[in-house]
Amino acid sequence: MPDPRLDAISRHLSYLLRHHPEAAGLHMDEHGWVRVDELVAAVAQKHSFDQTTLERIVATDKKGRYSFNEDRTLIRANQGHSIPVDVELACVTPPDRLFHGTATRFAESIERQGLLPQNRLYVHLSPDPETAMVVGARHGKPMVYVVDAKAMSAAGHRFFLSVNGVWLVKTVPPEYLTRM
Ligand code: HQG
């Protein structure tokens, strides 16, 4: 059962761990890790929050957005950053086809320029069209592009797979995109 209170906290965690750690005075290392005790103290200033709640969010997050290190003293977002951190992504040969969900109003620009990472470090691709549709609907009337990942990979583009199953690539030139 989704818990709206935990969703609101999770959004705040994403903001801090992907985009603006400095907004809460957090120190983030080059691999995106933040100290759990510092994060808990920072978030507890805004929400009723403790380490048990944090562990529940990490364990139940539908998209697996966060990971702890082995001894659970550090936490990071698995992907989605706008700040330049190296979350040690695995470079993996992609499946033949991947999918990108977007809003119809971006189509003209995407078909001219290709997919660009915009505010994030990477373009995010989904393993199936259903997931891509949900991603696209966040921006408006959704549409899905098929990405010819096989041809891109053969041409030397590097694909990364985050630990929570999101495919990441620096750009997708327009010639590899087809509307579904
Ligand atoms: C679009 C969510 C015009 C792109 C999701 C997208 C995902 C262009 C938007 C993750 C363009 C950027 C990322 C171009 C790309 N011209 N528009 N040339 N190139 N765009 O939110 O992929 O819930 O940064 O199509 O599930 O929507 O946050 O990227 O519509 O995995 O964990 O520019 O965020 O996960 O939007 O979503 P975003 P996204 P979380």
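Going by the structure above, here's the rest.
Residues numbered from 1 in each chain as written. Predicted model: local features only at pLDDT ≥ 70, side-chain atom pairs only at ≥ 80, totals over all residues. Heavy atoms only, no water.

A. Structural context of the pairing of strand β7 (residues 142-148). Among the 7 residues that make up β7, 5 are buried, leaving the element largely enclosed by the rest of the structure. Of the pairings in the sheet, the one linking strand β5 (residues 97-103) to β7 comprises 7 bridges and is antiparallel in character. The partner of G101 across the bridge, within β7, is V144. As defined by bridge partners, β7 adjoins strand β10 (residues 177-179) across 3 bridges and the pair is classed as antiparallel. Looking at the pairing, V147 lines up with L177 of β10. (Buried < 20%, exposed > 50% of the residue type's maximum accessible area, 1.4 Å probe, protein only. Helix = DSSP H or I, 4+ residues; strand = E, 2+ residues; numbered from the N terminus. Pairing = 2+ DSSP bridges.)

B. Structural context of the pattern of salt bridges. Taken as a whole and judged by the stated rule, the model has 8 salt bridges. A salt bridge links D37 to R35; its shortest N-O distance comes to 2.5 Å. A relative accessible area of 43% means that R35 is categorised as partly exposed. Residues E88 and R76 are paired through a salt bridge, measuring 2.7 Å at the closest nitrogen-oxygen approach. Note that E88 is positioned in the loop between β3 (74-77) and β4 (90-91) and R76 in strand β3, a separation of 12 residues in sequence. By relative accessible area, which is 46% here, E88 ends up partly exposed. Put simply, R35, D37 and E38 are held in one network by salt bridges that share partners. (Salt bridge = Lys/Arg side-chain N within 4 Å of Asp/Glu carboxyl O.)

C. Geometry of the site of the ligand. Near the ligand you find 18 residues, and of these R18, H100, T102, S109 and H139 are the closest. G114 places a main-chain nitrogen or oxygen 2.9 Å from a nitrogen atom of the ligand. Within the side chain of R138, a nitrogen or oxygen atom sits 2.9 Å from an oxygen atom of the ligand. In isolation the ligand exposes 780 Å². Once the protein is present, 88% of that is buried. At the level of elements, β5 and α4 (107-113) are the ones that each hand at least two residues to the shell around the ligand. Here the residues of the shell around the ligand are counted per class, giving 5 nonpolar, 8 polar and 5 charged. Each of two domains, domain 1 (4-77) and domain 2 (97-179), supplies a minimum of three residues to the shell around the ligand. (Near = heavy atom within 4 Å. Polar contact = N/O pair within 3.5 Å; in protein donor to acceptor, adjacent residues only side chain to side chain. Areas by Shrake-Rupley, 256 points an atom, 1.4 Å probe, with all protein chains shown as cover. Nonpolar A, V, L, I, M, F, W, Y, C, P; charged D, E, K, R; others polar. Domains from an automatic or database assignment.)

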